[in-house]
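Geometric and topological summary
Single-letter residue listing:
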Amino acid sequence: MKYRRLGKTDLRVSVVGIGTWQFGGDWGKDFTQSEVDDILNHAKEVGINLIDTAECYGPHHMSEKFIGDYLSRQSRQDWVIASKFGHHWEDQWENAWSVDEVRRQLDDSLKALQTDYLDLYQFHSGSDDVFDNDDLWTLLDKQVQAGKIRNLGISIGSNDNLYQTAKAIEINAKAIQVVYNRLDQKPEEQVFTSCLEQDLGVLARVPLASGYLSGKYKPGVVFDDRVRQGHQRDEIDAKLRLVHEIAQTEVPEGVDMASWALAWCLKHPAVSCVIPGCKSVEQVEANARAASLDLVQDDHPGAWKN
């Protein structure tokens, strides 16, 4: 495993992390605590140390609770825990951006995760209007001072949202999370330039393009998970034809496509870490292999210097 610093933070993060939206049940599989334990144990064994989750990954903080149960039996200092705020899902999913709601979300996340602090707490895909709330950032700054939050971040909803990215320094945010993968390179146009200028860490989410870049699917596939079943048929097939072309012309012989796709993201000088989801120990292993590919350089601008 290789490690990079996450922007201006003092965090040393593995270049491959664990995205945990799947633990909430939206990706076609309901998890048990034992399965989550196996995934996170193996992640630790291969050197992964960053877990990214959110308040709305499953109802009643489901993903966070799985992670919290695991953390309660581990050394907290071994992990970098990133979560998010801005939504609420109990009986139904809804936005929750008021100061009181965010304060409550933070406390609920800490309780679910069974920890006293979050290494990174991220504004979760909100509009520019809710972003421009001084009272919200004053609250969060007080939580940083109180030690409940170590660092603030912004998970931008649109991968070309330069407005929020450019204001990161103003609100003391030190990391940006954004959709970035071989099929969606939009952040390279403006967002990554701003991140490099401000020395912001970058977490690349959806690095396998919702599984399209795993290399497992062919045109005509029918998805039954809650996320991809809403994708249009022509969109699915067009993406998979492009993936087939990429596999034939860009992926080296003998290299797993998923590992290559993660390494492809990591070669960009702005990217600190990719956060793919995984449903099994085998997928954790494949994701971790990306760090050993030639595309991932030790002399990356964010490479950790001992």
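In what follows, the accompanying structure is described.

**Quick look at the sheet that holds strand β11 (residues 201-205)**
The 8 strands lie next to each other as β3-β4-β5-β8-β9-β10-β11-β12, forming an open sheet whose pairing is parallel. Edge positions in the sheet fall to β3 (18-19) and β12 (273-274), since each has one partner strand and no second. For strand β5 (residues 80-85) and strand β8 (residues 120-124), the ladder comprises 4 bridges, and the chain directions are parallel. Bridge pairing in β8 places F85 opposite F123.

**Considering unusual backbone geometry**
The backbone of Q114 shows a phi angle near 55°, a positive value even though the residue is not glycine. Relative to the helices and strands, Q114 resides in the loop between α3 (99-113) and β8. Exposure remark for Q114: the relative accessible area of 46% places this residue in the partly exposed category. The phi angle at S210 is positive, at roughly 60°, despite the residue not being glycine. Tracing the backbone through its elements, the reader meets S210 in the loop between β11 and α8 (233-249).

**Things to note about the side chain of S272**
Here S272 shows up in the loop between α9 (257-266) and β12. Note on S272: relative accessible area 5%, which makes it buried. Those residues within four positions of S272 in sequence are excluded, and the remaining contacts are R4, R5, L6, G7, V13, S14, V15, G201, V202 and L266.

**A word on the pattern of salt bridges**
Counted by the stated rule, this structure contains 13 salt bridges. Between D199 and R5 there is a salt bridge whose closest N-O contact spans 3.0 Å. With D199 in the loop between α7 (191-198) and β11 and R5 in strand β1 (residues 3-5), this pair connects stretches of sequence that are 194 residues apart. Between R182 and E250 there is a salt bridge, and its shortest N-O distance comes to 2.6 Å. Here R182, found in the loop between β10 (173-179) and α7, pairs with E250, found in the loop between α8 and α9; they are 68 residues apart in sequence, far enough to count as distant. Salt bridges sharing common partners tie together D37, D69 and R73.

**Considerations on the nonpolar core**
Of all hydrophobic cores here, the largest spans 77 residues; its most connected members are F85, W137, L140 and I154. It is α9 that contributes the most residues to this core, 9 residues altogether. Once you skip the residues sitting within four places of it in the chain, I154 turns out to touch Q122, F123, F131, Q164, A168, I171, A173, A175, I176 and Q177. L11, V13, A175 and L203 belong to the second-largest nonpolar core, a separate cluster that totals 11 residues.

**Digging into the packing of helix α1 (residues 33-45) against helix α10 (residues 281-289)**
Across the interface, α1 lies against α10 with an axial gap of 9 Å and an inter-helix angle of 25°. By the angle between their directions, the pair α1 and α10 is classed as roughly parallel. Once α1 is placed against α10, the crossing between them reads as right-handed. In this structure, α1 contributes D38, I39, H42 and A43 to the contact, and α10 contributes V281, V284 and E285. The residue inventory of the contact of α1 with α10, partitioned by class, reads 4 nonpolar, 1 polar and 2 charged.

Criteria and cut-off values
- Residue indices begin from 1 for each chain and proceed along its sequence in written order.
- Residues qualify for local features only when their pLDDT is at least 70, as the model is predicted, and side-chain atom pairs are given and counted only at 80 or more; totals for whole chains, interfaces and linings, by contrast, use all residues.
- Just so you know, side-chain values use all the structure's heavy atoms and leave hydrogens and water out.
- Should DSSP find at least two bridges between two strands, the strands are regarded as paired.
- Only DSSP runs of H or I with at least four residues qualify as helices, and only runs of E with at least two residues qualify as strands; both kinds are numbered from the N terminus onward.
- Note on classification: 1.4 Å probe, protein chains only; a residue is buried when its accessible area is under 20% of the maximum for its type, exposed when over 50%, partly exposed between these limits.
- Should any heavy atoms of two residues lie within 4.5 Å, those residues are counted as being in contact.
- Each reported salt bridge corresponds to a side-chain nitrogen of Lys or Arg within 4 Å of a carboxyl oxygen of Asp or Glu.
- Only buried residues count toward a nonpolar core. Its members are Ala, Val, Leu, Ile, Met, Phe, Trp, Tyr and Cys residues joined through side-chain atoms within 4.5 Å.
- The convention used is that axes are lines fitted to C-alpha atoms, helices contributing only their stretch in contact, and that angles between N-to-C directions extend from 0 to 180 degrees.
- Should an angle fall under 35 degrees it is called roughly parallel, over 145 degrees roughly antiparallel, and 65 to 115 degrees roughly perpendicular, with every other angle called oblique.
- Left-handed describes a crossing whose near helix is turned anticlockwise from the far helix by less than a right angle; the clockwise case is right-handed.
- Residues are grouped as follows: Ala, Val, Leu, Ile, Met, Phe, Trp, Tyr, Cys and Pro are nonpolar; Asp, Glu, Lys and Arg are charged; every other residue, Gly included, is polar.

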